[in-house]
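# Architecture at a glance
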Amino acid sequence: SQLGGTPGPIVAYLPEEGTDEARVLAQRFALGTSISSDVHRLASGTEIAHAVSGAGAPGAVAMVGFSASVAAKVVRLEDEPAPSVVSIADQRYPLSVAITVQNGGAGRPLADALVKFARSNAAQAIVSQDGFISKRGY
């Protein structure tokens, strides 16, 4: 009800255990706490966003990647900037996760080529197309 809905039970959703999304959430945000067995698990962030935004889910809440949240209302954390492409790209939004590609040493031509490609405009276009937020331009 504090978010504008009618009072009632809260139903929590998270990605299925073992998925990349679940691992990132556990490592970055759960900080060693256990997740209740009452939390509903779905295969992807997109499925979760649709479940949360469905007509029969007024008390549903979830944590998913920003790119999957388009079907749901994104809630701002108290005293923090609202999640947006800009606040995530510059990591002002506290639940941002940066993915970095770098080569750990010289003399590795294939690794050098991968890093060069990952930093290219072509690769950054793929990053954006797949729903991630490129830092290019921010």
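Note that the structure is predicted; figures quoted are calculated from it, not measured.

### Notes on unusual backbone geometry
The residue Asp79 is not glycine, and still its phi comes out positive at about 60 degrees. In the Ramachandran plot, Gln91 falls in the positive-phi region, its phi being about 60 degrees despite a non-glycine side chain. Relative to the helices and strands, Gln91 is located in the loop between helix H3 (85-89) and helix H4 (109-118).

### Regarding the pattern of salt bridges
With the rule as written, the count across this model stands at 1 salt bridge. Among the salt bridges present, the one from Asp90 reaches Arg92, with a minimum N-O distance of 2.8 Å. For Asp90, a relative accessible area of 36% puts it in the partly exposed group. Judged by relative accessible area, which is 45%, Arg92 ranks as partly exposed.

### Some words on the sheet that holds strand E2 (residues 40-42)
Spatially, E2-E1-E3 is the arrangement adopted by the 3 strands of the open sheet, whose pairing is parallel. Both edges of this open sheet fall to E2 and strand E3 (60-62), since each of them pairs with a single strand only. In this sheet, neighbouring strand axes are inclined to one another by 35 degrees on average, regardless of whether the strands run parallel or antiparallel. Of the pairings in the sheet, the one linking strand E1 (residues 11-15) to E2 comprises 3 bridges and is parallel in character. Paired with Tyr13 across the two strands is His40, which belongs to E2. Against the sheet, helix H2 (residues 45-53) touches E1, E2 and E3, its axis set at about 165 degrees to E1.

Reading guide: rules and limits
- Numbering of residues starts from 1 in each chain and follows the order in which that chain's sequence is written.
- This being a predicted model, a pLDDT of at least 70 is required before a residue's local features are given, and a value of 80 or more before pairs of side-chain atoms are given or counted; all residues contribute to the totals for chains, interfaces and linings.
- Values shown for side chains rest on all heavy atoms present in the structure; no hydrogens or waters enter the calculation.
- Secondary structure counts use DSSP, requiring at least four H or I residues in a row for a helix and at least two E residues in a row for a strand, with both numbered from the N terminus.
- The working definition used for a salt bridge is a side-chain nitrogen of Lys or Arg within 4 Å of a carboxyl oxygen of Asp or Glu.
- Buried, partly exposed and exposed residues are distinguished by accessible area as a fraction of the type maximum, computed with a 1.4 Å probe on protein chains only: under 20%, between the cut-offs, and over 50%, respectively.
- One bridge is not enough; two strands pair if DSSP finds at least two bridges between them.
- Angular values range over 0 to 180 degrees, each being the angle between N-to-C directions of two axes fitted as lines to C-alpha atoms, with helices fitted over their stretch in contact.
- Every residue pair with non-hydrogen atoms within 4.5 Å of one another is taken to be in contact.

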